[in-house]
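Overview (structure and organization)
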Amino acid sequence: TNIIAQWVRKDVEAAKTAAASLRGKQAGTARTAIISELARQDPKAAWDYASQLSQAAGSDAWMDPRTQVIHQWAQSDPAAAVAAALGIQDAEKRNQIVASAVSAWASSDFESALAYAVKIEDANTRGRILQNLANTQNSDRSRMFDVLMEHAPSGDSFRSAMTSLVHQWAQENPRAAAMAVKQLPPNRSFSHLASMVAGAWASSGADKMEVFNWARSLPEGQARVMTVNSIFEAWARQDPAAALGMLSSLAADERGDASTGVVNGWSRSAPADAAAWAAALPAGRERDNAMRSVMNRWIQSSPADVTAFVARLPEGDRASVTGSMMSAWASRDAASAAAWLQRQAGGKAKDEGLKALSRQISNEDPEAALAWANTISDPQIRANQTESLAREWLALDPANAKKWISASPLPREAVQRLMK
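Here the structure is a predicted model, which is why all the values come from computation and not from measurement.

Definitions and cut-offs
Residues numbered from 1 in each chain as written. Predicted model: local features only at pLDDT ≥ 70, side-chain atom pairs only at ≥ 80, totals over all residues. Heavy atoms only, no water. Phe/Tyr/Trp six-rings, centres within 6.5 Å; stacked < 30°, edge-to-face > 60°. Helix = DSSP H or I, 4+ residues; strand = E, 2+ residues; numbered from the N terminus. Buried < 20%, exposed > 50% of the residue type's maximum accessible area, 1.4 Å probe, protein only. Lys NZ or Arg CZ within 6 Å of the ring centre and 35° of its normal. Salt bridge = Lys/Arg side-chain N within 4 Å of Asp/Glu carboxyl O. pLDDT = per-residue confidence, 0-100. Contact = heavy atoms within 4.5 Å. Axes fitted to C-alpha atoms, helices over the stretch in contact; angles between N-to-C directions. Parallel < 35°, antiparallel > 145°, perpendicular 65-115°, else oblique. Left-handed = near helix turned anticlockwise from the far one by under 90°. Nonpolar A, V, L, I, M, F, W, Y, C, P; charged D, E, K, R; others polar.

Take the packing of aromatic side chains next. Across all of its chains, the model carries 10 aromatic pairs by this definition. Here the aromatic rings of W266 and W277 are separated by 6.3 Å at their centres, their planes lie at 55 degrees, and the arrangement is tilted. In this pair, W266 is assigned in helix α17 (residues 252–266) and W277 in helix α18 (residues 271–279), connecting sequence segments 11 residues apart. Accessibility classification places W266 together with W277 in one group, the buried group. With a centroid separation of 6.1 Å and an interplanar angle of 50 degrees, the aromatic rings of W329 and W340 are classed as tilted. Among the aromatic residues, those joined into a cluster by ring pairs are F212, F232 and W235. Positioned above the aromatic ring of F158 is the side chain of R188, whose terminal nitrogen or guanidinium carbon lies 3.9 Å from the ring centre.

Time to look at the pattern of salt bridges. Scanning the model with the defined rule gives 18 salt bridges in all. A salt bridge links R175 to E210; the nearest nitrogen and oxygen atoms lie 2.8 Å apart. Separated by 35 residues along the polypeptide, R175 in helix α12 (residues 174–182) and E210 in helix α14 (residues 208–216) bring together distant segments of the chain. Residue classification places E210 among the partly exposed residues on the basis of a relative accessible area of 29%. Close ionic contact of R359 with E392 constitutes a salt bridge, the shortest N to O distance being 2.6 Å. With R359 in helix α22 (residues 348–361) and E392 in helix α24 (residues 379–396), this pair connects stretches of sequence that are 33 residues apart. Owing to a relative accessible area of 33%, R359 belongs among the partly exposed residues under this scheme. One network of salt bridges, in which partners are shared, links R9, E37 and R40.

Overall, the prediction assigns the protein a mean pLDDT of 88, with 98% of residues at 70 or greater. For the protein, per-element mean pLDDT is lowest for helix α7 (residues 91–108), which scores 83, and highest for α22, which scores 95.

Quick look at the side chain of E233 now. Position of E233 among the secondary structure elements: in helix α15 (residues 222–238). Not counting residues within four places of it along the chain, the set of residues in contact with E233 comprises G261, V262, N264, G265, R268 and R297.

Working note: a packed helix pair is described by the angle between its axes plus the distance between those axes. Axis separation between helix α9 (residues 123–134) and helix α10 (residues 141–151) bottoms out at 11 Å; the angle between their running directions is 165 degrees. Comparing the axis directions of α9 and α10 gives the class roughly antiparallel. Every pair of crossing elements has a handedness; the one defined by α9 and α10 is left-handed. In contact with R126, L130, L133 and A134 of α9, α10 contributes M144, V147, L148 and H151. Residues belonging to the contact of α9 with α10 are distributed by class as follows: six nonpolar, one polar and one charged.

Listed below in structure tokens is the structure:
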């Protein structure tokens, strides 16, 4: 690199000729050194040289030699750099390299770069650039929000740009970010944005009722569900007792999502306490969801503590909790989960565990899943589970599924239904 750099200063053409005679890694190193040195002296010349090499760089735009030039050129003459990048024929490379050029421009003159970006006619290029600009630290968040709403095309680039912007905004001024997110129209609203803001706002020490009332004001749907969950998770991480106090004041139709958030936050620091609280809830959707959430987290750190906790539960509560535990455990370590389940005495709890285990492994190993389902002791649950798993297998792999079904212990009526 040092040799080539000095050679370029004395005789550019000779250095290029020498680099062209090299092969492999040495050739790449020499070309990189030429581009780097030329970019300091004459960015246009560096661009022309890099353009001759671009086809050898492969399909990845970030490995294109022109990307190396663009950062330096955009610092000294951004308009010329962007104009050159806009001339690239390959659309994907053009979008990425133009976006890189404008980002480099923005580091020294954000306002000029933004003004240029919104005038670009090609929607894909404009969207990629705005996505990069939304991720910078020196932008006015409120103004950038308005720019994205007005000029960013809908799709992945808008989603990524708005996510980057809202993430930073929520750390700096969560209330302002919350008010902005609420303005998003249905066709540009994303559930995770409201949840992201809510978590940051609730963790900032803001008035709990203010945050929660904002969440309540969101339209019914996934965004509100995730937001309420996120708020209570943030509170429970800081103060489980206060989160439980707030939870107790809610109407029955609001508790479900909030309960899941409480155990998500609480189980980070005291999973056993969170599990005990969830297990004491009345039977139903709220308890099932809360228990599933705490099991998902607790099983990662201590399967032995989880199985001991389940063993201590009253027999009437053990079945549903065993199912939640097995779903969480089998998704991470199916072999260990199955080995534990095999050692358990028969009964409703084991049947629920077998049902959950077979469901969890059915995509990876449908035949093994059916073998486990066939050991369920309750004949009705066994028949329903095996038929359900067999039907799913038929959709994925008809030949092998039909072979298994034809020789299976399923009732004749079930076999006939499946083989139609």
